[in-house]
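# Chain and residue survey
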Amino acid sequence: MKSSRFGVSMKEGLLTELDSYISQKGYANRSEAIRDFIRDHLAHEKAAATNQDVVGTLTMVFNHDKRNLAEKLTTHQHSEPGLVISSTHIHLDKHDCLEVIILKGKAKAVRTMADTLSTARGVLHSKLILLPQK
Ligand code: NI
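I will try to describe carefully the structure that is included in this document. Bear in mind the structure is a predicted one, so any value in this text is a computation, not a measurement.

For the rest of this paragraph, the subject is the nonpolar core. Residues Leu-58, Met-60, Phe-62, Leu-73, Ile-101, Leu-103 and Leu-117 are the most contacted members of the largest nonpolar core, which totals 21 residues. Broken down by secondary-structure element, the contributors of at least two residues to this core are helix 2 (30-49), strand 1 (53-63), helix 3 (69-78), strand 3 (96-106), helix 4 (107-118) and strand 4 (123-132). For this core, the leading source of residues is helix 4, giving 5 residues. Aside from chain neighbours lying at most four places away, what touches Leu-103 is Val-54, Val-55, Gly-56, Leu-58, Leu-83, Val-84, Val-110, Met-113 and Leu-128.

Following this line, the structure appears as C-alpha cells:
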C-alpha cells in the first residue's frame, strides 16, 4: 500500500520526551513509533466503540481492608459465567492487592463488567485494555 507523509508540529518539550521514549523502546525512528501508537490507539478505540468480540485485561489495585471488597469483586466476576476467563491476585503489602482479570466476550458486556469492578468502593486504580479478538 502507498505511504503518505504528513507533518506534525508539537512543543519542543513534548518532542524531547517522545524521542527519549522512542530510543528507550528501541524504535528505529519516529515514523515507526508513531505508526505503532496510532495502530494501538485505533485498535483499542474500535474494540471499545463497537460490540464486537473482544479480549481484555482489567488491572486493578485495591485496598482489601475495605469492608467485603475482595468478596464483592469475586461475586461480580461470578455473576456472568464465561466472561472472566482468568484472574491473578497478588498481595502487594499489608493492605493493598493487585488483581489482573482477563475477559473475553462482546465489548459491551466486557466494558460493563470492567466498569462494575473498577468503580467498586476501595478500588484505588484500574485500567482496562480491550483488543479486537480478530
Ligand atoms: Ni491480596
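Looking now at the coordination of the nickel ion. Here the nickel ion is held by the protein donor atoms His-89 (NE2), His-91 (ND1) and Cys-97 (SG), which lie 2.0 to 2.4 Å from it. Spacing between the donor residues of the nickel ion along the chain follows H-x1-H-x5-C.

Two elements, strand 2 (residues 84-91) and strand 3, share 7 bridges in a ladder whose sense is antiparallel. Residue pairing across strands places Ser-86 opposite Ile-102, the latter belonging to strand 3. Linking two consecutive strands that pair antiparallel, namely strand 2 and strand 3, is a turn of 4 residues.

Further remarks concern the pattern of salt bridges. Taken as a whole and judged by the stated rule, the model has 3 salt bridges. Arg-39 is paired through a salt bridge with Asp-36; the nearest N and O atoms lie 3.5 Å apart. Of this pair, Arg-39 and Asp-36 both sit in helix 2, 3 residues apart, roughly one helical turn. Here Asp-53 makes a salt bridge to Lys-106, at a shortest N to O gap of 3.3 Å. One end of the pair, Asp-53, is in strand 1; the other, Lys-106, is in strand 3, and 53 residues separate them in sequence. Its relative accessible area of 33% is what places Asp-53 among the partly exposed residues.

At a minimum axis distance of 10 Å, the contact between helix 3 and helix 4 shows a crossing angle of 170°. Comparing their axes, helix 4 and helix 3 come out roughly antiparallel. Two secondary-structure elements touch here, helix 3 through Leu-73, His-76 and Gln-77 and helix 4 through Met-113, Thr-116 and Leu-117. The class makeup of the residues in the contact of helix 3 with helix 4 is 3 nonpolar, 3 polar and no charged.

The rules behind the values
- Counting restarts for each chain, with residues numbered from 1 along the sequence as it is written.
- Totals for whole chains, interfaces and linings use all residues, but because this is a predicted model, local features are given only for residues with pLDDT of at least 70 and pairs of side-chain atoms are given and counted only at 80 or more.
- Here the side-chain values reflect all heavy atoms present in the structure, with hydrogen atoms and water set aside.
- In plain words, nonpolar cores are sets of buried Ala, Val, Leu, Ile, Met, Phe, Trp, Tyr and Cys residues tied together by side-chain atoms within 4.5 Å.
- Exposure categories follow from relative accessible area, calculated using a 1.4 Å probe and restricted to protein chains: below 20% of the type maximum is buried, above 50% is exposed, and the middle band is partly exposed.
- Each helix is a run of H or I in the DSSP string that is no shorter than four residues. Each strand is a run of E no shorter than two, and both are numbered from the N terminus.
- The contact criterion used is simple: two residues touch if any of their non-hydrogen atoms lie within 4.5 Å.
- Any nitrogen, oxygen or sulfur atom within 2.8 Å of a metal ion counts as a donor, with the limit raised to 3.2 Å for Na, K and Ca, and since water is left out, coordination shells can look unfinished.
- Being paired, for any two strands, means DSSP has found at least two bridges between them.
- By convention in these notes, a salt bridge is any Lys or Arg side-chain nitrogen within 4 Å of a carboxyl oxygen on Asp or Glu.
- To get an axis, fit a line to the C-alpha atoms, keeping to the stretch in contact for a helix; angles then go from 0 to 180 degrees between the N-to-C directions.
- The labels follow the angle: roughly parallel below 35 degrees, roughly antiparallel above 145, roughly perpendicular from 65 to 115, and oblique for the rest.
- By the convention adopted, Pro, Cys, Tyr, Trp, Phe, Met, Ile, Leu, Val and Ala count as nonpolar, Lys, Arg, Asp and Glu as charged, and the other residues, Gly among them, as polar.

By themselves, these are just geometric observations and shouldn't be taken as functional.
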